[in-house]
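# A look at the structure
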Amino acid sequence: MLRAAGVGIGDEVVVPAFGNVEVTEAVVQVGALPVFADIDPVTYCLDVTAVAAAVTPRTAGVVAVHRFGRPADIARLHALGRRHGLLVLEEGESEAPYDETAQRRERAAYLDAKLRGVRTPDGGAGHTYQQYVVRVPGNGRPDRDAFARAIRTRGVDCRVPVKTPVHRLPEYRRCVSLPETERAAEETLALPVDAALTRREMQRIVSACNALGGLLQPAL
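How each quantity is defined
- Sequence order as written defines the numbering, with residues in each chain counted from 1.
- This being a predicted model, a pLDDT of at least 70 is required before a residue's local features are given, and a value of 80 or more before pairs of side-chain atoms are given or counted; all residues contribute to the totals for chains, interfaces and linings.
- The side-chain quantities take in all heavy atoms of the structure and omit both hydrogens and water.
- Being paired, for any two strands, means DSSP has found at least two bridges between them.
- Each helix is a run of H or I in the DSSP string that is no shorter than four residues. Each strand is a run of E no shorter than two, and both are numbered from the N terminus.
- Axis geometry follows a simple rule: fit a line to the C-alpha atoms, using only the stretch in contact for helices, then measure angles between N-to-C directions, giving values from 0 to 180 degrees.
- Orientation labels follow simple angle bins: below 35 degrees gives roughly parallel, above 145 gives roughly antiparallel, 65 to 115 gives roughly perpendicular, and whatever is left gives oblique.
- Put simply, a crossing is left-handed when the front helix is turned counterclockwise from the back one by less than a right angle, and right-handed when it is turned clockwise.
- Contacts are assigned to residue pairs that have any heavy atoms within 4.5 Å of one another.
- All amino acids are sorted into three groups, where Ala, Val, Leu, Ile, Met, Phe, Trp, Tyr, Cys and Pro are nonpolar, Asp, Glu, Lys and Arg are charged, and the leftover types, Gly among them, are polar.
- Residues belong to a common nonpolar core when they are buried Ala, Val, Leu, Ile, Met, Phe, Trp, Tyr or Cys residues joined through side-chain atoms within 4.5 Å.
- Partly exposed describes any residue whose relative accessible area lies between the buried limit of under 20% and the exposed limit of over 50%, with all areas from a 1.4 Å probe on protein chains only and scaled to the type maximum.
- What qualifies as a polar contact is a pair of N or O atoms within 3.5 Å, subject to a donor-acceptor requirement within protein and to the restriction that residues adjacent in sequence count only when both atoms come from side chains.

With respect to topology, 4 strands assemble into an open sheet ordered β2-β1-β3-β4, the strand pairing being parallel. The open sheet is flanked by β2 (33-37) and β4 (87-91), the only strands paired with a single partner. Averaged over neighbouring strand pairs, the angle between their axes works out to 25° when direction is ignored. As paired elements, strand β1 (residues 12-16) and β2 share 5 bridges and run parallel to each other. Note that in β2 the partner of valine 13 across the bridge is proline 34.

Quick look at the packing of helix α4 (residues 98-114) against helix α7 (residues 199-212) now. In contact at an axis separation of 10 Å, α4 and α7 are set at 30° when each is read in the N-to-C sense. Considering the angle they form, α4 stands roughly parallel to α7. Seen from above, α4 lies across α7 with right-handed handedness. Here Arg107, Tyr110, Leu111 and Lys114 of α4 come into contact with α7, specifically with Arg199, Met202, Gln203, Ile205, Val206 and Asn210. Within the contact of α4 with α7, the residues separate by chemical class into 5 nonpolar, 2 polar and 3 charged.

One finds Leu115, Tyr132, Ile151, Leu189 and Leu191 to be the most contacted residues of the largest nonpolar core, which totals 26 residues. Put simply, the parts of the chain that give this core at least two residues each are α4, β5 (132-135), α5 (144-152), β6 (188-191) and α7. At 6 residues, α7 tops the list of elements feeding residues into this core. With residues near it in sequence (within four places) discarded, tyrosine 132 still touches Ala108, Leu111, Asp112, Leu115, Thr120, Pro121, Leu189, Ala190, Leu191 and Val193. Cys45, Leu46, Val51 and Leu86 belong to the second largest nonpolar core, which has 18 residues in total.

A few words now on the side chain of threonine 188. Among the secondary structure elements, threonine 188 is positioned in strand β6. Looking at threonine 188, its side chain comes within polar contact range of the main-chain oxygen of alanine 184, at 2.6 Å. In contact with threonine 188, other than residues within four places in its own chain, are Phe18, Tyr44, Val133, Val134, Arg135, Arg144, Val160 and Pro161.

In this structure, tyrosine 44 is a non-glycine residue whose phi angle is positive, near 65°. When you line up the elements, tyrosine 44 lands in the loop between β2 and α2 (48-54). Judged by relative accessible area, tyrosine 44 falls into the buried class, the value being 8%. Despite not being glycine, tyrosine 129 has its phi angle at roughly 55°, a positive value. Here tyrosine 129 is to be found in the loop between α4 and β5.

Spelled out as structure tokens, the structure:
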């Protein structure tokens, strides 16, 4: 789509660094330069203000990525695109059947009500909970990884959604300030929210997380 729109050598395309390395790769493949903008800490999608700050005379487009079942602010991005004559593309997520989405929302609501010591996601309009992503607060330094190891030993299958932001990968390394991206990469953890989870499995997730409280002491 970038190539078809005439994006190429000498152009810049604003992209998120919070995951989705394939978006950055696509920009590079057409000969353009990926420019990383920060994310909104609630939606984990591109922050429109950060995108506006990243626009230069060479900017040709923006690629917005929908994250974890939460849509990017496409209306504002399109408005920004019209002001600057930019192409605005979307990288979507696979859509689950309606019944599955309803069950995921039901399980997410249960976790929202029961979890303690971790910051639960802001539901927001249209959230489909492709992933249920919490934040594990640091205790002097981020302790998300220790928290994840501890709840795995209690039978909870969790995962770190973005281990390394794209701007810190060797092939795309940039000296750029992306504080919300960095913070999200250090604190976020995806907990199970699959439609197939039983009530007992949901209780195990809550019990394991609440026993730790999200505030493990960092190892000395």
